[in-house]
Amino acid sequence: MKVLYSWLREMAPFDHAPDVVSDAFNDLGTPVDAVTRLGEGLTGIVVARVLALRSHPKADRIGLVDVDAGDGEALQIACGAFNMAEGDLVPLATLGTTMPGGMEIARRQMRGEWSNGMLCSSAELGLGSDHAGIRVLPAGLVPGTPVADALGVAPDVLWDLEVNANRPDALSVAGLARDLAARLGVPFTLARPEVTTAGAPAADALTVEILDPDLCGRFGTWLLRGLDPTATSPEWMQQRLVHLGMRPISALVDISNYVMLELGQPNHPYDLAGVPGAGFRIRRARETDSLRTLDGVERTFAPDDLLICGGDDVALGIAGVMGGAAAEISPTTTDVALEMAWFRPEAVGRTGRRLGLRTEAAARFERGTDPEVIDLAAARFAALAAQICGTTLAPGAVDERGDLPDRAPVRVRTARVNQVLGTDLDTPAITALLDPIGFTSTPVEDSHGDLDVTIPTWRHDSTAEIDVVEEVARHFGYAHIPRRELATSRPGRLSHAQRRRREVRRLLTGLGLTEVMPLPFLAPDQLAACGLPTTGIGLLNSLVAEESVLRPTLLPGLVGAVATNATRRRTGVCLFEIGHVFLPTETRAAPTGPGRPDLLPDEREHLGVALAGAEAPEAVQVWLALAARLGLDNVDVANAERPGLHPTRSAIARVGGEKVGSVGEVDPAVLDALGVGERVAWLEVDLGALLATAVGERTYRPVSRFPSSDVDLAFEVPGDVAATDLERALTAASPLVWSVRLFDTYRGPGVADGRRSLAYRVRFDSPERTLTDAEVADARQALIDAVTGAHRATLRG
C-alpha cells in the first residue's frame, strides 16, 4: 500500500518530519519498503506548445519538434517519442535543468541536428511510471509557466508500505491515518461531505434482493442522475491515483478508485440502462451461469461463487472480484447505479483464486472490509461525482442486510496483557492505547482490572483477547517492551535412553552398516519361510489383507531386505534395524478393573543386524562391540539352537547370565527359500533391556607405540563349549594379550564327532618395549596351557 503525506494530512494535522513518520509506520507493523520525495527537481521545466513536427533527415527513430517555451520563438528539440500533435502542450526541460533523476540537460547534437532541451514523460518528471511517450498537458495552460505551478504540484512524500494479512484497515489512507494519529498523539477525523439530493427517491427506480445472506452481509445501491460523459477527472486526483499505483481511466472510474483508496471500501458504478429490470439479485452461481468480465474474458463459475445479477437473474458481476461488461459505464451513460457492499472474505478469496483474478477490490474484500463505512463512502462518491461529473444524487438508498459478523465485546484481562507482553500496564493505560484506534473499552465491575473491548467494524481480523493484546503491544511500542530471556521448566535435552540409542546408531554406521526400516506387518507364509511359528498377534484391519500378523522378530524383514538386494545383484550388504516386535502375552487382569482382561501384546524394542556374506563370528564381534559401547559387564554367548538360525551356528547372547538375544547365522534352508545365495550372519537383541541396564565402568588403556606380534591358535573343543569362554581364558592368560578375535569355526573331516574347531588370532603388545621372540613364545604357551587345562581342548596342528 502506498500513501501520500498530503493525503494523510487531510485527516489529521501531522507536522512531523518524514523520518519520524517512517519510524512510526515501522513500529506499528507496517514496514516502510521505500520513501520517495515528490515535487522536487522540477525547477527549469516549463510548459511549451508544439509548433511543428518533422522527421529527422538522418534518423528514422528520432523526430524534430519545434516548440514555443513562452517567448514566441521556435526552439528545436530532438525527440524519440511521436505521441504529440501540433498545438499540444508538453513539459520542456530547458538547458541547465537538473532532472529529478539527476540528469543534467545540455545542448546536444543528435545525428547532425541540435537539440535545445528535452521533452519529458511522466516518469522523467517523477509524476508517474509512464515511459512510453511525452506527457501531454491539459489545454489552457500558458507556455512558459513552470510545470510545478501549472499542474499544482507541491512537495510531497510517498511511502510504500508492507501490509500484512492481519491489517485490513491499512489498505486505506483513512486506516493508516487513524493508526498514525494514535501513535503520534494527534486528533483524527473523517469529515462527512454534504450532498444535495433531488428528484424521485432511489427506491422508486432500484430494487435489491439478497438470496444468500450468509455470503452477502450488506448490499446498498444509490442512484446518480445526469452524468456528463465528457467530464474528466481533475489533475490532482489523477496524480494521487498514479502515485498510489493506479492508472487514470475516466472520471467516474477514477472517482471509484479514489474512494476505495481513501476509505478502503470497494465500489462499482453500473450504467443503469444496462441493469435489466433496474434490480439486483445477489445469489450463488449455478452451473449454467457465465459472464464476460471487464477484462473481456468469458467466465464460468462454481456453486460457491457469489454473483451479482440483474432483475432478470442474469449475471452482471462477480461479487467482490470484478464487474461484467454488460453494464459498464460508457460515453452514452446518463444514470448510474452505485453499488457498495460487504461480502464474506472467505468466499471472495476462494473465487478470486479459482478464477485467477487478483484485483484491488478483491484484495480488500478477502481481508475484510468495514460494513459501516459504506454510508460515508457513498456520500464521498456522490460528492465527488457531483463536483466532477455534474451528477445529482437521488434521495435515499436501497440498502439490504444479510449476515454480518458478530461484534460482541471481548473480555480482556489486564493481568493477561501484562503476562503476554512482559509489561506492567494498568487498566487506564491500556484504555488510553486502545481508544484512539477505535477499540472501545468499558471497565468490568467487580473485576481485577478487566475490560470489555468492542472491536471496531474495520478490524475484521480481530476477534479474540489475544488480538487486542497485539493492538496494545503495537501502540505501546515493541521497542518499549523490555527484553527478557524465556525460562522453561522443561529443558530441551535427550533422555539417557535416547543418548544411548544414538550411540548405538553411530557405532553400527561406523562399522559400515546401513539402517533400514521394514514394515512391522507380515504374512503367515513369510514367518513359515523363515522357520518361525505362523501364529502371532493378528490384525483385524490390516493395510494389505495378506499381511495380517505383527512381527514377533526382526528376522523376516531384514533377511527379506537382503533377498531384495540379492535379486538386484547387490550382494554383501550389511543392514541393521531398530524397531518394535510384538510378542503374545498371557491374559491378565487389568489394574483399572478386577476381571477385565488386558490383551495388549508384549511390545519390545529390538536391534537386528544382518551381515550378508559373513559368518557367525562376525555377528559375535558386532555383539561384543555393541556391549563395549554400552558399557555392559559379563557379556558372553552360549551355544543354543534358535528358530530360523543355523542349528550348529547359533547361540544366545547374554548379559550377566541373562538372555538378551540371539547370534549366529541364518539357517541355509531359510536363505534358499528366499533366494539368497550367500551366508548371512545374524544378531538380534532386546535393545530396550540393554538401554535400561546399568552402565559399568569403562576402562581405557593407552595405545602402545611399540610393534605388536600376532599368533594364530586353533583349538578342538567339545560342542557345548562357548567360543566366548575360550576368548575369556585367552585374554586372562597373559598380561601381554592386547586383543583376541575368533576368525574361524569348523566342523568336519579332521575333527571328532561332537567337537568343533575354533581358531583365534591373538595380538601381543607391551606399552613399555618391543617384545622379544622368547617373550612371545612364553606368552603363547601360557595361552595354550590355560585353554587346554580348563576347557577339555586340544591344540590343533
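Scroll up a little and you will see the structure.
Residues numbered from 1 in each chain as written. Predicted model: local features only at pLDDT ≥ 70, side-chain atom pairs only at ≥ 80, totals over all residues. Heavy atoms only, no water.

Novice: Which residues make up the packing of aromatic side chains, and what values do they have?
Specialist: What characterises a pair of aromatic rings is the spacing of the ring centres plus the angle enclosed by the ring planes. Under the counting rule described, the total for this entry stands at 7 aromatic pairs. On the basis of an interplanar angle of 45° and a centroid distance of 5.7 Å, the ring pair of Phe219 and Phe280 is categorised as tilted. Of this pair, Phe219 sits in strand E12 (residues 216-225) while Phe280 sits in strand E14 (residues 279-284), and the two are 61 residues apart along the sequence. In terms of burial, Phe219 and Phe280 fall into one category: buried. Their ring planes at 85° and their centres at 5.6 Å tell us that Trp236 and Tyr258 sit as a pair that is edge-to-face. (Phe/Tyr/Trp six-rings, centres within 6.5 Å; stacked < 30°, edge-to-face > 60°. Helix = DSSP H or I, 4+ residues; strand = E, 2+ residues; numbered from the N terminus. Buried < 20%, exposed > 50% of the residue type's maximum accessible area, 1.4 Å probe, protein only.)

Novice: Let's hear about the packing of helix H20 (residues 723-733) against helix H21 (residues 773-790): which residues, and what values?
Specialist: Close contact between H20 and H21 brings their axes to 9 Å; oriented N to C, the two are set at 140°. By the angle class used here, H20 and H21 are oblique. Both H20 and H21 take part in a crossing whose hand is right-handed. Of the residues in H21, those in contact with Leu726, Ala729, Leu730 and Ala733 of H20 are Ala782, Leu783, Ala786 and Val787. Residues that form the contact of H20 with H21 fall into these classes: 8 nonpolar, no polar and no charged. (Axes fitted to C-alpha atoms, helices over the stretch in contact; angles between N-to-C directions. Parallel < 35°, antiparallel > 145°, perpendicular 65-115°, else oblique. Left-handed = near helix turned anticlockwise from the far one by under 90°. Contact = heavy atoms within 4.5 Å. Nonpolar A, V, L, I, M, F, W, Y, C, P; charged D, E, K, R; others polar.)

Novice: Lay out the environment of Val186 with the relevant residues and their values.
Specialist: Along the polypeptide, Val186 turns up in the loop between helix H5 (173-184) and strand E11 (207-210). A sequence separation of 117 residues divides Val186 from Ala69, and the C-alpha atoms of the two residues are 45 Å apart. Those residues in contact with Val186 that sit more than four places away from it in its chain are Ala12, Pro13, Phe14, His16 and Ala181.

Novice: Mind laying out the sheet that holds strand E30 (residues 574-583), listing which residues take part and the relevant values?
Specialist: Taken in spatial order, the 7 strands of this open sheet run E26-E30-E33-E37-E36-E35-E34, and their pairing is mixed. Of all strands in the sheet, those with a lone pairing partner are strand E26 (514-515) and strand E34 (635-639), marking the two edges. With 2 bridges connecting them, E26 and E30 associate as parallel partners. Counted as the bridge partner of Thr514 is Leu575 from E30. Packed on one face of the sheet, helix H14 (residues 496-510) meets E26, E30 and strand E33 (602-612) and runs near 145° to E30. (Pairing = 2+ DSSP bridges.)

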